[in-house]
Amino acid sequence: MAIYFNPETKFFYLEGKNISYVFGINRTGFPEHYYFGTRIGRDDLTYTYEANIGDSGEAAIPGKVHAGGLSYNVYRSEVSFYGNGEFRECSLQLLQKNGSRLNEFLYETHEILAEKPALAGMPSMRGGETLKLTLKDKFSEMRVHLFYTVYDDASVIARHMEIESCTDEDVKILRAYSFTLDVVGSDHDLLTIENAWAREGKPERTPLPHGIVCVDEKSASSTRRHSPAMALISKNTTEDFGPALGVNLIYSASYALKAEVGTKGYTRLTGGINDFDFTWELSAGETFATPEVVLAYSNEGIGGMSREYHDAYRKYLINERFANIPHPLVINSWEAVYFGCTPERLLPIIDAVRGTGIDTFVLDDGWFGARRNDKAGLGDWTVSPEVFPDGLTPVIDYVHDAGMKFGIWFEPEMVNPDSDLYRAHPDWAISVPGTEPCVSRRQLVLDITREDVRDYIVEAVSKILRENEIDYVKWDFNRAITENFSRALPAGKQQEFHHRYALGLYDLCERLVNGFPHIFFEGCAGGGGRFDPAILYYFPQIWASDDTDAYMRTQIQYGTSLFYPLSAISCHTSICPNHQTERTTPFSTRANIAHLGATGYELDTTKITPEELDEIKLQVAEYREMEDLVLHGDLYRMENTFDSNYFAVTVVSKDKAKAKVTAMRALCRPNDEHKRIFPRGLDVNAVYEVVNKEYELCLRLSGASIMNVGLVLPLKTAGGKMPGDFKTFVFDIKKVY
Ligand code: DGJ
C-alpha cells in the first residue's frame, strides 16, 4: 500500500519507491504540507510547525484576517487560494457571481482509490494508488478535489486538481494551477530548459532570488521557448549528487511554472495552465480538471532525477503498446528531397538501403494536394495525382518489397490559405472576424476547439490510413498559434481558447491513435516545439529538433534527456555539410550520436559512397545491439559540450550486465590533454569486458576500476593520425562475472 492515513493525527503518508510525501490536516482544517523527499518513517511532523512566529496562521485564521497580520501566508500549502491573507502565488482564484474572489477550501473527506480515475479529456499517468482529497469552501458549496497518485516502483507523484461547482451559481475560474508545493529552504537553484528552433534543450541553472521566477508559454504549444519542466536543486547538487526535485507538466498548450522564494524559509512551486489570457466559465454542477503534473525526487543529483522520470514515463505514461518494443529504424525523405518527393527520386533512395537493416521508409512533407512547396496544399489530405499518378500503392509496395514498413507525414492541425480546404471553409482557420490572420510558414492553424473541424481532420487522415498500408505516422505542427479566437465560442468564453485547443488536440490524438492501434506515431513540431509528456502519452517518440548537426545534437539531446527517456528522443543521421549549420562531422559521429535515442537516417542515400552505405549496415547492426539499452536502460550523463570540449554518456542495463559509453571530443587540439571519462552505473563488484572495436581495444576491468580509474579517450585515430574535430569513441561493456 502506497498511501496511509493516520486518523488520529490526520496525517497522510504517500510513499513511492524511494520517496515520502507527507501532509496533514491542521487545526484550521487546511491540508498543510510537511515533507517531500527521501523515504522517511510515518512520523508525526507537527514539531516542524513554527508556532511562535508572530503571524502564525493557525491561531489567526478562524478570526479576522487582514493584510500584514495573520493569514494563510505562512502555511506550507497543498492548495493555495487568494483573498484571505495568502500573498504568495496561489493555485486557485475563482470569480463568483457577486464579484467576490474569496474562498477558503478546507478538508471535507478523502478516498484512497486502487484504480486511478482517468482525467477527463486529458492524458495522464496510468496505474499507481490514488488519494482523492476533497475540500469544501467555507463560504459556498464549491468543492476542490486534490488528486495524488503514488507508485511502489517509481519515485514520482502525479498530482492534479479538480474544481467542482456544487452551487446553483456559475463561477468564473481566473486561475486553476495543478499544484502547490512549499519546499523547505530559500537558497535553491532552479534548473529550467530553454528552447529555440534548431537549438532546443538548453539547461539553465539559476540561483533563485526572493520573488518569483516563472517559465511559461503563451503560444498554445508547449515548448517553443521553454519546456514545461523545472527542477529545484540545492546549491551543491551536481549531476550525480545531491537533492533534485523535478516538476513536469503533462500539457501541450500555454502553461506557467513558478518558483517563489518567500520570507519564511520556504520556496513555493506552483503552476499549470497559464492564467495569462485564461478564464473558464464553470456552470453549476460542472467540474473543471487541471492537467496533471509529475513531481520527481532524487538525492542522486540531476541524473538521479532524470532516471526517475525515465522509468516512470516508460512504465506509466508512454503508450503501452509501443513503450517496450523496438522503435522503427527509419529512412526519412525530408532532408533527402524536401518537397521533391517524386517516385523517381524516392525509389532509388529506397533501393540503396535495401538490406541495411533500416526497417521503415517515411514519406515526409510534399505527397498530398498541391503541396509542391510550403505555399499550398496543407489541409488537403488526398494523394497528389501529379506526383503519384497511381496513388501511393506502388511506392508502398516497393517499400514492402524492400523489406521495410511504410510511414507518412501529416500536419493535421494546419491549413494553407492556398488549399481546397481553406477555399471551402475559410472560417475553420483561427482568426478574429474582420481582421487579417497572422500567417506563419505560409499557413494558418485550424480551429480544433470545434468538433466539426476535428471530425473533418479525423476523417481526412483516417481515409488515407484506411486506404493505404501505413505503419507509421509523423504528426507535425509547424507554427505557433496566434489570435487565440474561436468563431464557435461566445465572447465570454474566448479566453478558454488555449485550453480548449489542448483538449481538441487530445481528442484528435485519442481518435486517431486509438483508431489505428497498429500505427506507430511520432510527434514533431517544427523540430522540438511541442516536446512534452502529454504528446509522449500518445506518441512514443518525438522529433527533438530540426537540427541534425551531430555537435548541436549532443546539446539538444543532453537537455531533452533531463526529463525524457532516450527512447522518446527521435534522432537522425544526416548528410554533411549539415543543412542547418554547414558543419562537417564524421559519418560515424553522426550515427553514434543519433544512436542515443530512437534512431534513423535522413539523407539522400543515392548520394553517399558505397563505403558509407556499408557503414550504415554496420551502424544499424550496432544499434540493434544497444537498442534494449535505449529502450530500458539507465542513462548517466558524464560530460556535456555546453560546459566543455567533451560529451560523454553511459547507458546501462537495469541488471548492470551491459553498458555502452559514447564519448566525443568536439575540437581536436594538438598535444591535447589525456582525457579520462568516468562511466557510471556499473556494478562495482562485477568484472566487465570493455571493447572499443575501432581501436581493437579489449580490457577486462572491475566495475569499480572502470568507474573510478576511468576510460581514456585516444588522442589519435586507430591509424595513428590526428583524429580531427568531433571524433566519437564508443566502448561496449559486458559483464563477464
Ligand atoms: C518540420 C519538421 O521538423 C521536419 O522534420 C519536416 O517534417 C518538415 N517540418 C516538413 O515540412
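Please read all numbers here as calculations on a predicted model, not as lab measurements.

## Observations concerning the packing of aromatic side chains
(1) Moving on: Tallying each qualifying case throughout the model produces 45 aromatic pairs.
(2) Moving on: Seen from their ring centres, W334 and F339 are 5.1 Å apart, and the 90 degrees between their planes marks the pair as edge-to-face.
(3) Moving on: A residue is classified by how much of its surface remains accessible, and F339, at 17% relative accessible area, is buried.
(4) Moving on: An angle of 55 degrees between the planes, with centres 6.3 Å apart, marks the rings of W381 and W409 as tilted. Within this pair, whereas W381 is found in the loop between strand 22 (360-363) and helix 6 (393-401), its partner W409 is found in strand 23 (residues 405-410), the two being separated by 28 residues in sequence.
(5) Moving on: Residue W381 is classed as buried on the basis of its relative accessible area of 4%.

## Some points on the pattern of salt bridges
(1) Moving on: Summed over the entire model, instances satisfying the criterion amount to 63 salt bridges.
(2) Moving on: Here D365 ties to R371 by a salt bridge, and the two come within 2.9 Å at their closest N and O atoms. Side by side, D365 and R371 carry an identical accessibility label, which is buried.
(3) Moving on: Salt bridges sharing partners connect three or more residues here, namely E86, R88, D182 and R268.

## Comments concerning the site of the ligand
(1) Moving on: Within the structure, the ligand sits among 13 residues, and D364, D365, K474, D476 and D546 are positioned closest to it.
(2) Moving on: Taking D476, its side chain carries an N or O atom lying 2.7 Å from a nitrogen atom of the ligand.
(3) Moving on: Note that an oxygen atom of the ligand is positioned 2.3 Å from one of the side-chain N or O atoms of D546.
(4) Moving on: Summarising the interface, the protein chains cover 98% of the accessible area of the ligand, which totals 290 Å² for the free molecule.

## Points about the confidence of the model for the chain
(1) Moving on: On average, residues of the chain carry a pLDDT of 95, and 97% of them reach 70 or more.
(2) Moving on: A low-confidence stretch, residues 51-60 (pLDDT under 50), is modelled with 22 contacts involving residues beyond four sequence positions or located in other chains.
(3) Moving on: Considering only residues more than four positions removed or in separate chains, one finds that residues 62-70, a stretch of pLDDT under 50, has 12 contacts.

## Here's the deal with the sheet that holds strand 4 (residues 31-38)
(1) Moving on: As summarised here, the arrangement of the four strands in space is 1-2-3-4, forming an open sheet in which the pairing is antiparallel. Each edge of the open sheet carries a strand with a single partner, namely strand 1 (3-6) and strand 4. Within the sheet, the average angular offset between the axes of one strand and its neighbour, ignoring direction, is 15 degrees.
(2) Moving on: Here seven bridges tie strand 3 (residues 19-25) to strand 4, and the two strands are oriented antiparallel to one another. Within the sheet, the bridge partner assigned to F23 lies in strand 4 and is H33.

## Side note on the domain arrangement of the chain
(1) Moving on: Each domain of the chain was delimited in the assignment, giving domain 1 (3-316), domain 2 (330-632) and domain 3 (639-735).
(2) Moving on: Centre-to-centre separation of domain 2 and domain 3, based on C-alpha positions: 34 Å.
(3) Moving on: Contact with domain 2, which involves 20 residues of that partner, is made by 23 residues of domain 3.
(4) Moving on: Both faces combined, the contact of domain 2 with domain 3 buries some 1,900 Å², and carbon together with sulfur accounts for 66% of it.
(5) Moving on: It is Y551, Y558 and L629 in domain 2 that bury the most area against domain 3; as a group they hold 29% of the surface buried on that side.
(6) Moving on: For the interface between domain 2 and domain 3, the tally reads two salt bridges.
(7) Moving on: Residues E622 and K693 are paired through a salt bridge, measuring 3.9 Å at the closest nitrogen-oxygen approach.
(8) Moving on: Summed over the shared surface of domain 2 and domain 3, the number is eight residue pairs in polar contact (both at pLDDT 80 or more).

## Considerations on the environment of L295
(1) Moving on: Here L295 lies in strand 20 (residues 293-298).
(2) Moving on: Remark: the alpha-carbon pair of L295 and F36, spanning 259 residues in sequence, is separated by 9.6 Å.

## Some remarks on the side chain of Q494
(1) Moving on: Mapped onto the secondary structure, Q494 falls in the loop between strand 26 (472-475) and helix 9 (497-515).
(2) Moving on: Accessibility expressed as a relative area gives 11% for Q494, which makes it buried.
(3) Moving on: Within the local environment of Q494, its side chain forms a polar contact with the backbone oxygen of L489, the two atoms lying 2.9 Å apart.
(4) Moving on: Other than its neighbours up to four places away in sequence, Q494 contacts N484, F485, S486 and L489.

## Focus on unusual backbone geometry
(1) Moving on: Put simply, C576 and P577 share a cis peptide bond, and its omega is -5 degrees.
(2) Moving on: On the secondary structure map, P577 appears in the loop between strand 29 (569-574) and helix 12 (587-594).
(3) Moving on: At R441, a position not held by glycine, the phi torsion is positive, near 45 degrees.
(4) Moving on: When you line up the elements, R441 lands in the loop between helix 7 (420-424) and strand 25 (444-445).
(5) Moving on: Even without a glycine there, the phi angle at E582 is positive, about 65 degrees.
(6) Moving on: Assignment of secondary structure puts E582 in the loop between strand 29 and helix 12.

## Looking at a negative patch on the surface
(1) Moving on: Negative charge collects at one region of the surface, where D168, E169, D170 and E286 lie side by side.
(2) Moving on: In this fold, E169 is placed in the loop between strand 9 (154-164) and strand 10 (171-184).
(3) Moving on: Judged by relative accessible area, E169 falls into the partly exposed class, the value being 37%.

## What to know about the packing of helix 5 (residues 343-353) against helix 6
(1) Moving on: Running from N to C, helix 5 and helix 6 point in directions that differ by 10 degrees, and their axes come no closer than 10 Å. Taken as axis vectors, helix 5 and helix 6 run roughly parallel relative to one another. Side by side, helix 5 and helix 6 meet where P343, L347, I350 and D351 of the first sit next to V395, Y398 and V399 of the second.

## What to know about the sheet that holds strand 33 (residues 658-665)
(1) Moving on: A sheet is described by the order of its strands in space; here six strands give the open sequence 31-32-33-38-35-36, paired in antiparallel fashion. Either end of the sheet is taken by a strand with one partner, and the two such strands are strand 31 (634-639) and strand 36 (697-702). Adjacent strand axes in the sheet meet at a mean angle of 20 degrees, parallel and antiparallel pairs treated alike.
(2) Moving on: Against the sheet, helix 13 (residues 610-632) touches strand 31, strand 32 (646-652), strand 33 and strand 38 (727-735), its axis set at about 100 degrees to strand 33.

## So, the nonpolar core
Side chains of nonpolar character tend, in soluble globular proteins, to be buried together.
(1) Moving on: The biggest cluster of nonpolar side chains holds 197 residues, and the ones touching the most others in it are L14, M125, I163, L269 and W367.
(2) Moving on: For this core, the element with the most residues is helix 9, which contributes nine residues.
(3) Moving on: Once residues lying within four places of it in the same chain are set aside, the contact partners of W367 are C341, R372, W381, T382, V383, S384, F388, I408, W409, F410 and I464.
(4) Moving on: By size, the runner-up hydrophobic cluster in this structure holds 21 residues, among which are Y688, L713, F729 and I733.

## With respect to helix 8 (residues 451-467)
(1) Moving on: Between the first and last C-alpha of helix 8 there are 24 Å, a value that for 17 residues agrees with the 24 Å anticipated at 1.5 Å per step.
(2) Moving on: All of the buried residues along helix 8 are V453, R454, I457, V458, A460, V461, S462, I464 and L465.
(3) Moving on: Of the surrounding elements, those touching the buried residues of helix 8 are strand 23, strand 26 and helix 9.

## Let's talk about the environment of G527
(1) Moving on: When you line up the elements, G527 lands in the loop between strand 27 (520-523) and helix 10 (533-538).
(2) Moving on: Accessibility expressed as a relative area gives 0% for G527, which makes it buried.
(3) Moving on: Put simply, G527 and V144 are 383 residues apart on the chain and 38 Å apart in space, counted from C-alpha to C-alpha.
(4) Moving on: Each residue touching G527, except ones within four places of it in the same chain, is listed here: E200, W543, A544, S545 and D546.

## Points about the pairing of strand 29
(1) Moving on: Extensive coverage of strand 29 is indicated by the burial of six of its six residues.
(2) Moving on: Bridge analysis of strand 28 (residues 541-543) against strand 29 gives two bridges, and the strand direction is parallel. In the sheet register, I542 faces strand 29, and the bridge partner there is I569.
(3) Moving on: With respect to chirality, the unit in which strand 28 leads through helix 11 (residues 550-560) into the neighbouring parallel strand 29 is right-handed.
(4) Moving on: Here five bridges tie strand 29 to strand 30 (residues 598-602), and the two strands are oriented parallel to one another. Bridged to S574 within strand 30 is E602.
(5) Moving on: A crossover connection joins strand 29 to the parallel strand 30 through helix 12; in handedness this β-α-β unit is right-handed.

Conventions adopted
Residues numbered from 1 in each chain as written. Predicted model: local features only at pLDDT ≥ 70, side-chain atom pairs only at ≥ 80, totals over all residues. Heavy atoms only, no water. Phe/Tyr/Trp six-rings, centres within 6.5 Å; stacked < 30°, edge-to-face > 60°. Buried < 20%, exposed > 50% of the residue type's maximum accessible area, 1.4 Å probe, protein only. Helix = DSSP H or I, 4+ residues; strand = E, 2+ residues; numbered from the N terminus. Salt bridge = Lys/Arg side-chain N within 4 Å of Asp/Glu carboxyl O. Near = heavy atom within 4 Å. Polar contact = N/O pair within 3.5 Å; in protein donor to acceptor, adjacent residues only side chain to side chain. Areas by Shrake-Rupley, 256 points an atom, 1.4 Å probe, with all protein chains shown as cover. pLDDT = per-residue confidence, 0-100. Contact = heavy atoms within 4.5 Å. Pairing = 2+ DSSP bridges. Axes fitted to C-alpha atoms, helices over the stretch in contact; angles between N-to-C directions. Domains from an automatic or database assignment. Buried area = accessible area lost by both parts, 1.4 Å probe. Patch = residues over 30% accessible without salt bridge, like charges linked within 9 Å, V, L, I, M, F, W, Y side chains within 5 Å. Lys, Arg positive; Asp, Glu negative; His and termini not counted. Charge placed at Lys NZ, Arg CZ, Asp CG, Glu CD. Parallel < 35°, antiparallel > 145°, perpendicular 65-115°, else oblique. Core = buried A, V, L, I, M, F, W, Y, C linked by side-chain atoms within 4.5 Å. Expected span 1.5 Å × (residues − 1). Right-handed = clockwise from strand over helix to strand, strands pointing away.

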